[in-house]
Amino acid sequence: MMTPPGPAANSDLLLRRLVENNDESATAALFLQLYRESPELRHWLREDYARDAKLRANFDGLAMRDDLPTVARFAELTDDNDSWREEQSRLKSQMPAGFYGGLTWNEVVQLVHHYQAGTLDPGTFLLVRQWREAGKASPALMWAGLAFLESVFPSGKRRLLKHLNQAFDFVKKYENKTERRTALGFADWWKLNVLFYILGHPSASYRTRELRAHLATLGLDIGTRDMRRFCKRHRIKRDIQAGRPRKRTPAPALAQTTRPTVKPSNRRAG
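A short tour of the structure in this document, coming up. (Residues numbered from 1 in each chain as written. Predicted model: local features only at pLDDT ≥ 70, side-chain atom pairs only at ≥ 80, totals over all residues. Heavy atoms only, no water.)

### Here we look at the environment of Asp239
Structurally, Asp239 can be placed in the loop between helix H14 (224-233) and helix H15 (253-256). Spatially, the C-alpha atoms of Asp239 and Ser203 are 9.9 Å apart, while their sequence positions differ by 36 residues. (Helix = DSSP H or I, 4+ residues; strand = E, 2+ residues; numbered from the N terminus.)

So this is what it looks like as structure tokens:
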């Protein structure tokens, strides 16, 4: 008699998958899951891979290399991707490196997650948070989850497992807006709000008083010395020229479309 789905059945899922599968069946299951979750994969397989023998040969050589390449889009796996490369080059030329006080968008986002995580490992915190939000294993979460396992099993170190256990309780508190500030603590809270301000106001450099004035609108009184120390620690460039603040140069509109997005609900400390 088949066991009905529920907590008991779910608790045995890992055991069943290990017992009932070999490498071939597991590969097929992962492929089907990725095919279901990714419209881009379905389109690439049907329109490009299936119709071009040369592409299939090139892809085989690429996939079997010792160093697995980093691929941002399926277009990069085709021969006919010159236009995509040209567009990428054009956008990069319009968006100067370090447009956020000397940092890139991704560098600031990583700092955001660092302060959101508090004392937890940032990657483990983000894995738990995003999985709870998604409610299922998306391709991105599968890839991140594999990295988590590879960080634990070869070394046998249990640090990340402890952080994983703590992250479930911490994320529940963090998701509650009334408890979020208390969960993070005052120091991480104001630093997080500075980083969200930087993401929302791209500039080559920032005046200390500009950042402090923003925090003041949130009811946070942070001293000049603390702000300078924070900027120095994370290599955030400060505008130290005398006189009135220089007019900020807006980020090119086209280049903005290529950056990862931060949900509006997360703009202010979360």
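### With respect to helix H3 (residues 23-37)
Over its 15 residues, H3 runs 21 Å from end to end, which matches the ideal 21 Å to within 8%, given 1.5 Å per residue. Capping the start of H3, Asn22 holds a side-chain oxygen 3.1 Å from the backbone nitrogen of Glu24, two or three residues further along. (Expected span 1.5 Å × (residues − 1). Polar contact = N/O pair within 3.5 Å; in protein donor to acceptor, adjacent residues only side chain to side chain.)

### A short note on a nonpolar patch on the surface
Taken together, the side chains of Leu14, Leu15, Leu18 and Val19 define a hydrophobic patch exposed on the protein surface, amounting to about 470 Å² of accessible area. Structurally, the position occupied by Leu14 is in helix H2 (residues 13-20). You can call Leu14 exposed: its relative accessible area is 62%. (Patch = residues over 30% accessible without salt bridge, like charges linked within 9 Å, V, L, I, M, F, W, Y side chains within 5 Å. Areas by Shrake-Rupley, 256 points an atom, 1.4 Å probe, with all protein chains shown as cover. Salt bridge = Lys/Arg side-chain N within 4 Å of Asp/Glu carboxyl O. Buried < 20%, exposed > 50% of the residue type's maximum accessible area, 1.4 Å probe, protein only.)

### A closer look at the nonpolar core
Ranked by internal contacts, the top residues of the largest apolar core, which has 36 residues, are Trp190, Val194, Leu195, Met227, Phe230 and Ile236. Elements with a contribution of two residues or more to this core: helix H7 (105-117), helix H8 (122-134), helix H10 (159-175), helix H12 (186-200), helix H13 (208-217) and H14. Among the elements that take part in this core, H12 stands out by supplying nine residues, more than any other. Those residues in contact with Leu195, other than ones at most four positions away along the chain, are Val108, Leu111, Val112, Tyr115, Phe230 and Ile236. (Core = buried A, V, L, I, M, F, W, Y, C linked by side-chain atoms within 4.5 Å. Contact = heavy atoms within 4.5 Å.)

### Let's talk about the pattern of salt bridges
Throughout the structure, instances matching the rule amount to eight salt bridges. Measuring nitrogen to oxygen at the nearest pair gives 3.4 Å for the salt bridge that ties Arg51 to Glu47. The class for Arg51 is exposed, based on a relative accessible area of 63%. Taking relative accessible area as the criterion, Glu47 reaches 33% and is therefore assigned partly exposed. Note that Glu175 and Arg132 form a salt bridge whose closest N and O atoms lie 2.9 Å from each other. You can see Glu175 sitting in helix H10 and its partner Arg132 sitting in helix H8, a full 43 residues away along the chain.

### Topic: the packing of aromatic side chains
Inspection of every chain in the model, using the stated rule, returns twelve aromatic pairs. Note on Phe125 and Tyr174: the rings are 5.7 Å apart at their centroids and 80 degrees apart in plane angle, and the pair reads as edge-to-face. Remark: Tyr174 occurs in helix H10 and Phe125 occurs in helix H8; sequence separation between them is 49 residues. Per residue, the accessibility class of Phe125 equals that of Tyr174, and both read buried. Against the face of Tyr174 rests Arg180, its NZ or CZ located 4.7 Å from the ring centre. (Phe/Tyr/Trp six-rings, centres within 6.5 Å; stacked < 30°, edge-to-face > 60°. Lys NZ or Arg CZ within 6 Å of the ring centre and 35° of its normal.)

### Structural notes on H14
Those residues of H14 not exposed but buried are Met227, Phe230 and Cys231. Buried residues in H14, looked at end-on, bunch into an arc of 95 degrees, giving them a common side. Opposite its buried face, H14 presents the exposed residues Arg225, Lys232 and Arg233, each directed more than 90 degrees away. Buried positions along H14 lie against H7, H12 and H13. Phi for Arg235, located one or two positions after H14, is positive at around 60 degrees. (Arc of directions from axis to C-beta.)

### Comments concerning the packing of H13 against H14
Put simply, H13 and H14 touch, their axes get as near as 10 Å, and they point 110 degrees apart. Put simply, H13 runs roughly perpendicular to H14. In this structure, H13 meets H14 at a crossing whose hand is right-handed. Residues Thr208, Leu211, Arg212 and Leu215 of H13 lie in contact with H14, whose contacting residues are Thr224, Met227, Arg228 and Cys231. Broken down by class, the residue content of the contact of H13 with H14 amounts to four nonpolar, two polar and two charged. (Axes fitted to C-alpha atoms, helices over the stretch in contact; angles between N-to-C directions. Parallel < 35°, antiparallel > 145°, perpendicular 65-115°, else oblique. Left-handed = near helix turned anticlockwise from the far one by under 90°. Nonpolar A, V, L, I, M, F, W, Y, C, P; charged D, E, K, R; others polar.)

### Thoughts on unusual backbone geometry
Excluding glycine, most residues fall at negative phi; most peptide bonds, likewise, are trans. You will see that Arg235, though not glycine, has its phi angle at about 60 degrees, which is positive. Looking at the element boundaries, Arg235 is found in the loop between H14 and H15.

### Details of the environment of Ile198
Secondary-structure assignment places Ile198 in helix H12. Residue Ile198 is classed as buried on the basis of its relative accessible area, which comes to 1%. Each C-alpha atom of the pair Ile198 and Leu211 lies 8.6 Å from the other, and the pair is 13 residues apart in sequence.

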